[in-house]
Amino acid sequence: MLKQCEGSIAIAEAVALCRPEVICAYPITPQTHIVEGLGLLVKSGKLSNCEYINVESEFAAMSVAIGASACGARAYTATASQGILYMAEAVYNASGLGLPIVMTVGNRSIGAPINIWNDHTDSMALRDAGWIQLFAENNQEATDLHIQAFKLAEELSVPVMVCVDGFILTHAYERVDVPEQSKVDAFLPPYEPRQVVDPDEPVTIGAMVGPEAFMEVRYLAHHKQMQALERIPQLAEEFRRVFGRASGGLLHTYHTEDAETVIVALGSVNGTIKDVIDQMRAEGVKIGSVSLCSFRPFPTAALHAAIGHAKRVVTIEKSLSVGIGGNVSHNLRMALQGRDTKVSTVIAGLGGRAITQTSLRKVFTRAIQDTLEPLSFMDLNTAVINRQLERERVTRRTGPAAEAILRDIGTMAARVS
Amino acid sequence: MNKPFAITLDVGSSLANKTGSWRTERPVYVDRLPPCNHACPAGENIQQWLFHAEEGNYEAAWRQIMKDNPMPAVMGRVCYHTCEGACNRAKLDKPVGIHAIERFLGDLAIAEKWNVNVEAKASGKSVLVVGAGPSGLAAAYHLALLGHAVTIREAGPFAGGMMRFGIPKYRLPREVLDAEIQRIVDLGVKIELNTRVDDLDAVLATHRFDAVFLAVGAHLAKRAYIPAGDASKILDAVSLLRGMETGEQPLLGRRVLVYGGGNTAMDAARSAKRLGATETIVVYRRTREKMPAHDFEVQEAMEEGIMFKWLSTIKSESGGTFTVEKMKLDDKGKPQPTGEYEEMQADSLVLALGQDVDLSFLGKLKGLSINDGVVQVDSNMMTGCKGVFAGGDMVPAERTVTVAVGHGKKAARCIDAYLKNSVYAPPPKHELAVFDALNSWYYSDAPATVQPMLDLARRESTFEEVVGGLDQSNALFEARRCLSCGNCFECDNCFGVCPDNAVIKLGQGKRYAFNYDYCKGCSLCANECPCGAIKMVPETI
Amino acid sequence: MTGASRVKFYQTGTFTVGNRLLDVSVRSVQSDADRNNSLNSGHRACQGCGEALGARYALDAAMRAVNGRLVVANATGCLEVFSTPYPESSWRVAWLHSLFANAAAVGTGMAAAMKVKGRKDVRVIAQGGDGGTVDIGFACLSGMFERDDDVLYICYDNEAYMNTGIQRSSATPAAARTMTTPAAGQEPGNVFGQGKNVPLIAMAHGIPYVATASVADLRDLEYKVGRAMAIHGARYLHVHVPCPLGWGCDTGDTLKVARLAAESGLFPIFEAEAGEVTGRRTIRRRVPVEDYLKMQSRFAHLFSPKRDERRIAMIQAIADRNIRRFGLLDKSEQGAHP
Ligand SMILES: Cc1cc2nc3c(=O)[nH]c(=O)nc-3n(C[C@H](O)[C@H](O)[C@H](O)COP(=O)(O)OP(=O)(O)OC[C@H]3O[C@@H](n4cnc5c(N)ncnc54)[C@H](O)[C@@H]3O)c2cc1C
Ligand SMILES: Cc1ncc(C[n+]2csc(CCOP(=O)(O)OP(=O)(O)O)c2C)c(N)n1
Ligand code: SF4
Ligand SMILES: [Mg+2]
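Residues numbered from 1 in each chain as written. Chains lettered and ligands numbered in written order. Predicted model: local features only at pLDDT ≥ 70, side-chain atom pairs only at ≥ 80, totals over all residues. Heavy atoms only, no water.

Concerning the domain arrangement of chain A
The following threshold applies: Here the limits of each domain have been adopted from an automatic or database domain assignment.
Domain annotation of chain A identifies domain 1 (2–243), domain 2 (251–377) and domain 3 (390–416). Centre-to-centre, using C-alpha coordinates, domain 1 of chain A lies 38 Å away from domain 3 of chain A.

Here it is in structure tokens:
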């Protein structure tokens, strides 16, 4: 059913359509509206047979989900930013135990300095936690990915994170086709756990494993993700057949076939990138883009097929691997092994900084001119930085840099949450 | 379930890990010797029969006693219960009232007509027992059970020895004694009454006996030299007590003196009172503390109005006036004359100064050795004369019914071995279950049961039994006060407290076993065993 | 036997694990040859481990109470480590270990799953050591209490982080030596803080049932597990389980030392319903705290090289306060159970 609604509400409804049995809710911007939406659905009776639990922390949220999932219940939670770090230990644990929990991450930066706006630092912090990480490009995809996520998670017995850009998607009102229950039911069978804590067939789950088997356990987790590489496109195809639209998959290409320059990015920024590509294509530039939907598993082969021929690749990245640069580009180089493709990393949009078409176009142009540095920071106010560095050079006790810079540029955060 | 590798495991699979290899010490079950058993002159397995009694299984309890002692009802009344003096429970509150339970069981057996049967094949051997006192009766009982033919020759008109001619009725009702003697007779033991053996040599020459057990007791009253005007006023306790039994009731008068400080003196004094004396005074040369009579007997006598004159000796009598010299205890606690005299009026004087053994019937028995007026025996109760054994009051030992019964049992076993041309070897004794070996925490607090007493008026005028028995419920209560020292009573503590489930419960009556595959040797079981039936021993590698 | 049925005195009563004189129906779970042995042989707990014992006591009782319909969440700690090193598990119950701090929350999730699956008969226990309960797991515990989730949480209190090698937790008693409160300096051992009585804090949540118990009193422990399993909602059981290694006592003295903790008043044993104390285990043979302290090398510095009168008195004062506060000498109010 087509409706104009907030991204969070569409996601909440999609999750509800998947008939989750246990939902753990804990507030943090910008995911809050999702769990609020689910709360309303449960309380109003629209989503029945579901335990909606107001937990006392994200750590508890994931832990409750672990307990529920281990006992065979379909479990869901959502978080963002500080929250995902607060639950980090349990995030790893859920995947280690092979529990098919689905979690929405309303992507947001991580403090300090505290900042509520969008970037991908939070998901990136846990990219190696053994979860599948799917990034939604728009709210329709965000909606659809949740439905696919449950199926993927349960088939492989692995947890899935659906990453949705905070505010940009979670709080955006867009037209979304929220599927019908019957179709979702047809697509997503009831959860049949691979292992379950059950007095009828007692087992010990969560053993202590020493050096003699730990490597193998880890390898098997990796192997699961390799299986996911196969299943993700198949599921997208199955989804298309049932719901009549393409959503998900490992990646989406845009004019890559003949592109000499390919832009690679995660999530909603791909929309803006495509606009710029449209403009540049109109001008005859052989440029295209790849929107990575699956960051974990990383689709090396698919990416190779899509961009192997390009002369240069530019990643637009919403997270900074401090001290080296880009996370996406770092991973992407695996797909370009044996090629001398030039890869440039552009860190952009941190803490919600707008990524404008103008700025993107500038970067793309410089890339085509081969003047783009291997690592660059989009729209960085170098004057502010230089002044701060100068202050630090002069006096040791400069106080916190963030506050000093804010003072320098003469604005104060309007709202901090 | 298709279990994920390594993370998910089968339940209970740790059985593959044999933690027994950690052990440096291993627990083992032991049976230690309970102090009561150790102290019992009759060698009763008291702890064991209490164990049955605790469950209310009185017949099993009684049968356990009968393995060692054929007269529980008598014993429960007259035994001085050294067991109770040794009882570990005394260190918690009061000893277990073993005698009272034994009496209860004995009485119940009489009421229920429980019996024992001879199961052994007839051996074809015959044994002569001289004297039907407790020692002779006990020997006859055990010998009969072992399959031997037994003949008892008894000088007196009844069987029982001092149990009948000494111990008064009010302490041991005769129907109880009769019933328990009858049970022995029922085993086929022949008792020839009024048949004094005057010359053992002669008897043995005319009759063929394979062995002899002598148990003639000590019946000759010791006399003190007291110059007296009227010798008929002076008699001895043994004659007095015996007379009451044979119907030759002596005339004592209204005021009676009893001279002596032992149990016999108490019995004589208390009997005199019951025979109508208005005043009975025990004259004793030392103090109450030094008196050999048991405290409870002195106590009961005092309750009945018996008076005591301590530190006094009787010097002479003349016309109903007795001259008494005051005594003084010296540094060593010995009484010494003071030269101070006083006079006491009395109608009669009963001497209770002890008894000697009448050895005249032994004649010149070959090899016999007599010392201090008693017959010497070796560790197998045999006298110097081959095949002739002796026990009870006539051999050097404490003179009690219980010792006599114990001698009877032991002699029977030795005679049995002798008849089979071997030597009796007693089973080895277990280590003693001392209080420190117990974990007394586990025992419920429980005060001792008090036996009912006959009211005083009847105690002073009749020969009715003074001390009452226990009933079913207080006998059970009392039995359950037993700590079962040193012997597993299946409390499940070891089974429960083992953190490694390394104790196997074998089922009721079968106790437990250790599973050394898993026992880590922590010794919790040993420490928490209430009764000290587990011992840690070093592991040998 | 008429006598036998009337006499209510049973030699060892309910002090011992079993008692052949008691009616079968009132015998302890542990005395049953067919008990579940929820924690099986072959586990790697130290010799004489009180925690291993306590866990088997509690879970066997629970298994009997709920007819085997039980699932268990376990926090990280000795109990988890010694019971489940790959490839062997000692558990004979459906059991899940997730993390150190989250057993209570995992329990919540399990209970939610059972509820939503319509498996009303399956009950949930979450359990952990003192560290996993009163320190790092405290937030999850409190959350579970506050929501009144249908979970019995059992804390096995051995008074320190044992699995990591004996470090102080907030359940470590005053003056005790641990590796992070060494017996050195002016005030050797743990500080005299204000204490952190988690059972009382649990009561402050107003949850239906809170109790403390000790491995030294099996029947009381079993009774409390049974009582707890008869109630729905959040419940808390705090079990005192000596650790011979960490406390420095003989491996065979585990129960004795636990007993003295209770008999001295240092570990009060009581129960509470809906925030009100409803029962206490009274002291049977009171002992000075010294008797308890002296058995353990973690308190050795209180006695040598010089007696630390002041701090021994302070510990005695703690015991005295417990005795007053919980009425531990009040014989008139003994527990109703046999
Ligand atoms: C007054 C009194 C009270 C006592 N109270 C107690 C008490 O409460 N508890 C206790 O434990 N002990 C008590 N005793 C001691 C106890 O009675 C004796 O130690 C015990 O009876 C000794 O048993 P016995 O078999 O050796 O001898 P006895 O009991 O003396 O029996 C010997 C028997 O042999 C017979 N006899 C003797 N000579 C011959 C012979 N030549 N031929 C055939 N038969 C012969 C006698 O007639 C007698 O029946 C008491 C003793 C007395 C005197
Ligand atoms: C988050 C986290 N912090 C620390 C640890 C290390 N750790 C494992 S077990 C343990 C001690 C457990 O102590 P306690 O809960 O009291 O249980 P015990 O071992 O004493 O039974 C610690 C600190 C951990 N596993 N996880
Ligand atoms: S407690 Fe029982 S076994 Fe132990 S000494 Fe006393 S009566 Fe004998
Ligand atoms: Mg601990």
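Topic: helix α4 (residues 103–116) of chain C
Residue and element names in this part refer to chain C. To keep it simple, the criterion reads: The helix count covers DSSP runs of H or I at least four residues long, the strand count covers runs of E at least two residues long, and both are numbered beginning at the N terminus. Any helix carries an expected span of 1.5 Å times its number of residues minus one. Accessible area is worked out with a 1.4 Å probe on protein chains only. A residue is then buried under 20% of its type maximum, exposed over 50%, and partly exposed in between.
Compared with an ideal rise of 1.5 Å per residue, which puts 14 residues at 20 Å, α4 spans 20 Å between its outermost C-alpha atoms and is within 8% of the ideal. In terms of burial, α4 is largely enclosed, as 13 of its 14 residues are buried. A positive phi of about 75° marks G118, the residue just after α4.

Regarding the site of ligand 2
Residue and element names in this part refer to chain C. As a reminder, the rule being used: Consider each residue's heavy atoms; a residue with any of them within 4 Å of a molecule or strand counts as near. Polar contact criterion, stated in full: a pair of N or O atoms within 3.5 Å, where within protein one must be able to donate a hydrogen and the other to accept it, and residues adjacent in sequence count only if both atoms are side-chain atoms. The method behind every accessible area is Shrake-Rupley, applied with a 1.4 Å probe, and residues are considered shielded solely by the protein chains displayed.
Neighbouring ligand 2 are 17 residues; E51, C78, D130, G131 and G132 lie closest to it. With respect to ligand 2, the side chain of N158 contributes an N or O atom lying 3.0 Å from an oxygen atom. A distance of 2.9 Å separates an oxygen atom of ligand 2 from a polar backbone atom of A160. Protein contacts shield 79% of the accessible area of ligand 2, which totals 580 Å² for the unbound molecule. Considering every element that reaches the shell around ligand 2, the biggest residue donor is helix α5 (residues 130–135), with three residues.

Structural notes on the interface of chain A and chain C
The test is simple: Contacts are residue-level and defined by heavy atoms, with any inter-residue pair within 4.5 Å sufficient. Once two parts are brought into contact, the accessible area they lose, counted with a 1.4 Å probe and summed over both, makes up the buried area. We count a salt bridge whenever a side-chain nitrogen from Lys or Arg sits within 4 Å of a carboxyl oxygen from Asp or Glu. Under the grouping applied here, Gly and all other residues not named as nonpolar or charged are polar, the nonpolar ones being Ala, Val, Leu, Ile, Met, Phe, Trp, Tyr, Cys and Pro and the charged ones Asp, Glu, Lys and Arg.
Taken together, the 38 residues of chain A in the interface contact 37 residues of chain C. When chain A packs against chain C, close to 2,900 Å² is buried across both sides, 64% of that on carbon and sulfur atoms. Seen at the junction of chain A and chain C, the total is six salt bridges. The closest approach of N and O atoms between R119(C) and D200(A), which form a salt bridge, is 3.2 Å. In this structure, the connection of chain A to chain C is made through 17 residue pairs in polar contact (both at pLDDT 80 or more). Elements with a contribution of two residues or more to the side of chain A that touches chain C: β3 (51–54), α3 (58–70), α5 (88–96), β9 (203–205) and α9 (211–243) of chain A. With eight residues, α3(A) is the largest single contributor of residues to the side of chain A that touches chain C. Looking at the side of chain A that touches chain C residue by residue, the classes come out as 23 nonpolar, eight polar and seven charged.

Structural notes on the interface of chain B and chain C
With 57 residues of chain B at the contact, the number on the chain C side is 61 residues. In this assembly, chain B packs against chain C so that about 4,900 Å² is buried in total across both faces, 52% of it on carbon and sulfur atoms. In terms of surface lost to chain C, no three residues of chain B exceed W441(B), R480(B) and N501(B), which account for 17% of the buried area on that side. With a shortest N-O distance of 2.8 Å, R20(C) and E54(B) are connected by a salt bridge.

Quick look at the pattern of salt bridges
Residue and element names in this part refer to chain C. Inspection of the entire model under this criterion finds 89 salt bridges over all chains. R311 is the partner of D308 in a salt bridge, and the nearest nitrogen-oxygen pair spans 2.8 Å. Residue D308 shares its accessibility class with R311, and that shared class is buried.

Remarks on the coordination of the magnesium ion (ligand 4)
For a metal bound by four donors in a tetrahedral arrangement, the ideal donor-metal-donor angle is 109.5 degrees, while six donors in an octahedral arrangement ideally sit at 90 or 180 degrees. All names here are of chain C. Short version of the rule: For Na, K and Ca the donor cut-off is 3.2 Å, while for other metals it is 2.8 Å, and in both cases only N, O and S atoms qualify; water is not among them, so sites may look incomplete.
For the magnesium ion (ligand 4), the full set of protein donor atoms is D130 (OD), N158 (OD1) and A160 (O), and the range of their distances to it is 2.0 to 2.1 Å. In primary sequence terms, the donor set of the magnesium ion (ligand 4) follows D-x27-N-x1-A. The exposure class assigned to A160 is buried, which follows from its relative accessible area of 4%.

With respect to the packing of helix α11 (residues 237–246) of chain B against helix α12 (residues 263–274) of chain B
All names here are of chain B. Spelled out, the test is: Axis lines are fitted to C-alpha atoms, over the contacting stretch for helices. Their N-to-C directions set the angle, which ranges from 0 to 180 degrees. Orientation is classified from the angle alone, with under 35 degrees giving roughly parallel, over 145 giving roughly antiparallel, 65 to 115 giving roughly perpendicular, and any other angle giving oblique. A crossing counts as left-handed when the near helix is turned anticlockwise from the far one by less than a right angle, and as right-handed when that turn is clockwise.
For the pair α11 and α12, interaxial distance at closest approach is 10 Å and the crossing angle is 50°. With respect to each other, α11 and α12 are oriented oblique. Regarding α11 and α12, the two cross each other, and that crossing is left-handed. Contact residues: α11 offers A237, L240, L241 and M244, while α12 offers T264, D267, A268 and S271. Its residues assigned to classes, the contact of α11 with α12 comprises five nonpolar, two polar and one charged.

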